[in-house]
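# Geometric and topological summary
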Amino acid sequence: MIYGLTGGIGSGKTTVSKILRDKGFIVLDADEIGKEVTAKGEPLLRMLVKEFGVDIIQEDGELDRRKLANLTFGDREKTNRLNELVQTAILCRAIGQFHKLSLTEPRKVMFFDVPLLYEAGWDRYMEQVWLVTAPEDVRIERVEVRDGLSEEEIRQRIRLQMSEEEKSQRADVIIENDGGMAKLMSQVEKAIAENL
Ligand code: ADP
């Protein structure tokens, strides 16, 4: 069974995925798989060339991420086509990896860490979705410290994501990360005890 793990920027989703790994659970990271499927020589690159032109590949065969971003920036149709191609490739690879792991994995539940899980509509593929959430001010403070971004830059990123209210309504399990590490740990342990 695959459980989705999601949360907006600064919510503490990555911290929760670390806790789950430390407890012995398998957690696949959609961002990591995103790097794999766009690596040099991957079939997805040919699909992206077909869609966006050969200029998006550098001389050394690597994807020119900045060029691709510039080509699609502000163009909703192109952005949608790009997201569809990349997300499909990530999902295919993740399913393959989950399948392989399920052959040897003694625990039945594995987690899929996806920052934009609801935005991509992947909640419908998950047995359950666990949402990590925290008040906006706390999230901003954490990201200011972690990434050195300004408050306005972080607010802009937050605005691009689905609202916490909507995600909270849809989630099966909500992990409130509004305190320190000890509180987060006990929240995760409670979620495990009640759902696994
Ligand atoms: P996300 O992956 O949701 O963007 P992270 O898990 O990377 O968020 O957390 C953002 C920052 O806040 C990190 O530097 C992390 O160490 C810190 N952090 C998260 N949760 C807590 C907590 N409960 N107590 C203290 N620091 C935290």
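All values reported here derive from a predicted model rather than from experimental measurement.

### Here's the deal with the sheet that holds strand S2 (residues 27–29)
Across the sheet, 5 strands lie side by side as S2-S3-S1-S4-S5; this open sheet has parallel pairing. Each having just a single partner strand, S2 and strand S5 (173–176) make up the two edges of the open sheet. The sheet shows a mean angle of 25 degrees between the axes of neighbouring strands, taken without regard to direction. With 4 bridges connecting them, strand S1 (residues 2–6) and strand S4 (residues 128–133) associate as parallel partners. Bridge pairing links threonine 6 to leucine 131 in S4. On top of the sheet, helix H2 (residues 30–37) reaches S2 and strand S3 (110–113); it is set at about 50 degrees to S2, its chief contact.

### Some details on the pattern of salt bridges
A full pass over the atoms with the stated rule returns 16 salt bridges. A salt bridge links glutamate 51 to arginine 81, with the shortest nitrogen-to-oxygen separation between them at 2.2 Å. With a gap of 30 residues between them, glutamate 51 in helix H3 (residues 43–52) and arginine 81 in helix H5 (residues 76–104) connect regions that are remote in the sequence. For glutamate 51, a relative accessible area of 32% gives the class partly exposed.

Rules used in this analysis
- Residues numbered from 1 in each chain as written.
- Predicted model: local features only at pLDDT ≥ 70, side-chain atom pairs only at ≥ 80, totals over all residues.
- Heavy atoms only, no water.
- Pairing = 2+ DSSP bridges.
- Helix = DSSP H or I, 4+ residues; strand = E, 2+ residues; numbered from the N terminus.
- Axes fitted to C-alpha atoms, helices over the stretch in contact; angles between N-to-C directions.
- Contact = heavy atoms within 4.5 Å.
- Salt bridge = Lys/Arg side-chain N within 4 Å of Asp/Glu carboxyl O.
- Buried < 20%, exposed > 50% of the residue type's maximum accessible area, 1.4 Å probe, protein only.

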